[in-house]
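Single-letter residue listing:
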Amino acid sequence: MSVRIATRRIRSGFFTGLVVLLCFLAVLPLFLIFADLVHKGASSINWDFFVKIPVPAGQSGGGVSNAIVGTIIIVLIACGIGIPIGIGTGLYLAEYGVGRLGWFVRFLADVLNGTPSIVVGIFAWTWFVKPVHHFSALAGGAALALLMVPMLARTTEEMLRLVPNSLREAALALGYPRWRTSLSVMARVALSGIVTGSLVGVARVAGETAPLLFTALGNINFDTNIKEPMQTLSLQIFTYATGPFEDWHRLAWASALVLMSLVLGLALAARWATRKRYGT
Amino acid sequence: MQLETRRLTALFSRNVIVREVSLPFPRHTVTAIIGPSGCGKSTFLRCLNRMHELSDGGWATGQVMLDGHDIYGGAIEAVDVRRRVGMVFQRPTPFPTMSIYDNVAAGLRVNGRIPRKQMDEVVERALTQAALWDEVKDRLKGSAVALSGGQQQRLCLARAVAPAPEVLLLDEPTASLDPAGTQRIEELCTELKKRYTIVIVTHNMQQAARVSDFTAFFYMGRLIEVGATQQMFTKPNDPQTEAYITGRFG
């Protein structure tokens, strides 16, 4: 074997090893975080944790059922508002967003995407809380939706742009109206990408704390009325982790573990739901 | 005349791609459009079902008469034109999220709900016309993209004929197929012209000679010559046609 081929093999092996190492470094934090959460939080998770509400400060025991239910309700509100608007905007951008308006919408979405969530929270407070003089889960959900919309709009657009234009032409040539081409051909091909994108959006907002501080506020009681302040896991973690009691810290770790598991479970569910129906 | 263009000019923004082409397509015939790359033959074809205007900057002037009505006249919607004038593209374009059955049914479903039983019949008929029925009848619910390239192209043909169009436009339908696949599509042309008026764009002159009744030669966006295929390939009137057919350019 010539020396040149040998050097080439060594170089190839080196770079393959390098990217494997970098890939490992990228996923390592996820495993570390999860291991740490399990280590510190798992011992505090028991039946009470899921079914009881927090006990007064200083006492031990109690759970965070109100926060778990609150998280689910607020995220559902956010999805209800954010997903249709976000995906609709993405469809518009991909199908019609060629002119000046498209450019403007895309630019706005990018700016909104980069806006710190605490700023979004302040705006949500000015729009949804101040006029009615009342904190509420609805306002919290709306604040999270505000964060979701630009993310979903851009991912939906990107996913639709990956669909070959020849499919659009094939549908149009069959006499499909444009809206139907978008919905029943293009969006369906891009569906798994759009669902994954939506899920990343949901996962991101599920853990948001800042926008909820001024909107959902938090609640130490179990309350499912969306017009009232509501507790979420992220707010619970914020309160407990910064509090002075050992018992609170323990519950904060456990809440973090539950929140992380919820997000992970959502991700797995979405993967399962959008698994390839036809093997290729 | 089933279909006829009158001084049809197609443009991209200000660039003229097809210049004042007047060309008749008699009912139940196959007309081949030949010419070197970039001569405007595909663009011309895409004007016949108003697909050209969907490309960025694409527009057209002149008339395209479909059964005596100008499809650019405003009396007919573009969507209706495309339901009456089917099209098959250069590369197979099955819808990847749909089964074989749903692919064929796609063009019918867009027209409204059709009873299941009737739909089954239409799908079977279309697949039979496209000579694909025997190969797929046991896996109609299977993936359309799992088919071979040639099968996919015949599936697209079935999809195009299922809504019973009046005219069928084929844009280099065999360009991405192997010789066997090409032969099947060509045989189908001869079979399908009993029901439809076919316009086929092709790079392959033998193909034009084999499948068509009439041949039109395009060069630099102009229609140079049109005539019965037999005559076009044996004694063309125009020296440019002769030069192209004998392989001296293009």
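Note that the structure is predicted; figures quoted are calculated from it, not measured.

Procedures and definitions
Residues numbered from 1 in each chain as written. Chains lettered and ligands numbered in written order. Predicted model: local features only at pLDDT ≥ 70, side-chain atom pairs only at ≥ 80, totals over all residues. Helix = DSSP H or I, 4+ residues; strand = E, 2+ residues; numbered from the N terminus. Buried ≥ 20, exposed ≤ 12 C-beta atoms within 10 Å, placed from the backbone. Contact = placed C-beta atoms within 7 Å. Rg over C-alpha atoms; globule rule 2.2 N^0.38 Å. Nonpolar A, V, L, I, M, F, W, Y, C, P; charged D, E, K, R; others polar. Pairing = 2+ DSSP bridges. Axes fitted to C-alpha atoms, helices over the stretch in contact; angles between N-to-C directions. Expected span 1.5 Å × (residues − 1). Arc of directions from axis to C-beta. Parallel < 35°, antiparallel > 145°, perpendicular 65-115°, else oblique. Left-handed = near helix turned anticlockwise from the far one by under 90°.

Asks: How should I be thinking about the overall build of chain A in this particular structure?
Replies: Summing up its helical and strand segments, chain A has twelve helices and zero strands in all. Each helix (α) and strand (β) of chain A, taken in turn from the N terminus, gives the series α-α-α-α-α-α-α-α-α-α-α-α. Overall size of chain A, expressed as C-alpha extent along the three principal axes, is 70 × 60 × 35 Å. Put simply, chain A has 280 residues, and 38% of those count as buried. A separation of at least 24 residues holds for 73% of the contacts in chain A among residues at least 6 apart in sequence.

Asks: I keep staring at the overall build of chain B and nothing clicks. Help me out?
Replies: When helices and strands are tallied, chain B shows ten helices and ten strands. Over its C-alpha trace chain B gives a radius of gyration of 18 Å, about what one expects of a compact globule, namely 18 Å for 250 residues. In terms of overall dimensions, chain B has a C-alpha envelope of 55 × 40 × 30 Å along the principal axes. Counting only residues that meet the buried cut, chain B has 47% of its 250 residues in that class. For chain B, restricting intrachain contacts to residue pairs at least 6 apart in sequence, the fraction spanning at least 24 positions comes to 67%.

Asks: Hey, could you run me through the interface of chain A and chain B in this one?
Replies: Put simply, an interface is often sized by how much accessible area is lost when its parts join up. Contact residues are listed per partner, giving 16 residues for chain A and 20 residues for chain B. Elements that contribute at least two residues to the side of chain A that touches chain B include exactly helix 7 (165-173) and helix 8 (178-189) of chain A. Looking at which element gives the most residues to the side of chain A that touches chain B, the answer is helix 7 of chain A, with six residues. Class assignment of the residues belonging to the side of chain A that touches chain B gives a composition of ten nonpolar, three polar and three charged.

Asks: What is the right way to look at the sheet that holds strand 6 (residues 85-88) of chain B in this model?
Replies: Paired through their backbone hydrogen bonds, the strands of a sheet run either parallel or antiparallel. Residue and element names in this part refer to chain B. Judged by pairing direction, the sheet is mixed, and its six strands sit side by side in the order 6-7-8-3-9-10 without closing on themselves. Of all strands in the sheet, those with a lone pairing partner are strand 6 and strand 10 (222-228), marking the two edges. Pairwise comparison of adjacent strand axes, ignoring direction, gives a mean angle of 15° for this sheet. Relative to the sheet, helix 6 (residues 149-161) contacts strand 6 and strand 7 (167-171), its axis offset from that of strand 6 by approximately 170°.

Asks: Is there a simple way to think about the pairing of strand 10 of chain B in this case?
Replies: Regular strands place their side chains on alternate faces of the sheet. All names here are of chain B. Pairing of strand 9 (residues 214-219) with strand 10 involves six bridges; the strand directions are antiparallel. Bridge assignment links alanine 216 to a residue of strand 10, and that residue is valine 226. In this antiparallel pair of consecutive strands, strand 9 and strand 10, the connection spans two residues, and methionine 220 shows a positive phi of 50°.

Asks: Got a minute to help me understand the environment of B:Glu20 in this structure?
Replies: Residue and element names in this part refer to chain B. One can find glutamate 20 in strand 2 (residues 15-25). Using a count of 15 C-beta atoms within 10 Å as the deciding quantity, one classes glutamate 20 as partly exposed. Sequence-wise, glutamate 20 and threonine 5 are 15 residues apart; in three dimensions their C-alpha atoms are separated by 9.0 Å. With near-sequence residues (within four places) excluded, glutamate 20 lies in contact with Arg7, Thr9 and Gly62.

Asks: When you look at the environment of B:Gln240 in this model, what are you seeing that I'm missing?
Replies: Residue and element names in this part refer to chain B. Within the secondary structure, glutamine 240 sits in helix 10 (residues 239-245). For glutamine 240 and phenylalanine 217, which are 23 residues apart along the polypeptide, the C-alpha to C-alpha distance reads 9.1 Å. Ignoring any residue separated from it by four or fewer positions in sequence, one finds glutamine 240 in contact with Tyr219 and Ile224.

Asks: What am I meant to see in the environment of A:Glu246 here?
Replies: All names here are of chain A. Locating glutamate 246 in the fold gives a position in helix 12 (residues 246-273). Glutamate 246 gets classed as exposed once you count the C-beta atoms within 10 Å, which come to 9. Once the C-alpha coordinates of glutamate 246 and glycine 193 are considered, the two residues, 53 residues apart in sequence, prove to be 43 Å apart.

Asks: Explanation requested: the sheet that holds strand 2 of chain B in the structure shown.
Replies: Residue and element names in this part refer to chain B. The strand order 2-1-4-5 describes an open sheet built from four strands, whose pairing is antiparallel. Where the open sheet ends on each side, the last strands, each with one partner, are strand 2 and strand 5 (69-70). In the sheet, strand 4 (residues 58-66) pairs with strand 5 via two bridges, with the strands oriented antiparallel. Bridging from a neighbouring strand, leucine 66 pairs with histidine 69 of strand 5.

Asks: Whenever I open this one, helix 4 (residues 116-129) of chain B confuses me. Can you help?
Replies: Residues and elements named next belong to chain B. Between its first and last C-alpha, helix 4 extends 20 Å over 14 residues, near the 20 Å set by a 1.5 Å rise per residue. What helix 4 keeps buried is the set Val123, Ala126, Leu127 and Gln129. Axial view of helix 4: buried residues confined to an arc of 160°, hence all on one face. Opposite the buried face of helix 4, at more than 90 degrees from it, the exposed residues are Lys117, Gln118 and Glu121. Taken together, the buried residues of helix 4 touch helix 3 (100-109), helix 5 (133-136), helix 6 and helix 7 (179-192). The first or second residue beyond helix 4 is alanine 131, which carries a positive phi of 55°.

Asks: I tried to follow helix 8 of chain A on my own but got confused; where do I start?
Replies: Because an α-helix packs 3.6 residues into every turn, residues spaced three or four apart end up facing the same way. In this model helix 8 of chain A runs 16 Å from its N-terminal to its C-terminal C-alpha over twelve residues, within 8% of the 16 Å that 1.5 Å per residue would give. The complete set of buried residues in helix 8 of chain A reads A:Thr181, A:Ser182, A:Val185, A:Met186, A:Ala187 and A:Val189.

Asks: When you look at unusual backbone geometry in this model, what are you seeing that I'm missing?
Replies: Excluding glycine, most residues fall at negative phi; most peptide bonds, likewise, are trans. Residue and element names in this part refer to chain B. The phi torsion at arginine 7 lies on the positive side, around 45°, for a residue other than glycine. Even without being glycine, alanine 164 reaches a positive phi, approximately 55°. Tracing the sequence through the fold places alanine 164 in the loop between helix 6 and strand 7.

Asks: I'm lost on the packing of helix 6 of chain B against helix 7 of chain B in this one. Help?
Replies: For any two helices packed against each other, the geometry is given by the interaxial angle and the distance between the axes. Residues and elements named next belong to chain B. At their nearest, the axes of helix 6 and helix 7 sit 9 Å apart, and the two run at 20° to each other. Classified by the angle between their axes, helix 6 and helix 7 sit roughly parallel to one another. For the pair helix 6 and helix 7, the sense of crossing is right-handed. Across from Gly149, Gly150, Gln153, Arg154, Leu157 and Val161 in helix 6, the residues of helix 7 making contact are Ala180, Gly181, Arg184, Ile185, Leu188 and Leu192. Among the residues making up the contact of helix 6 with helix 7, the classes are represented as six nonpolar, four polar and two charged.

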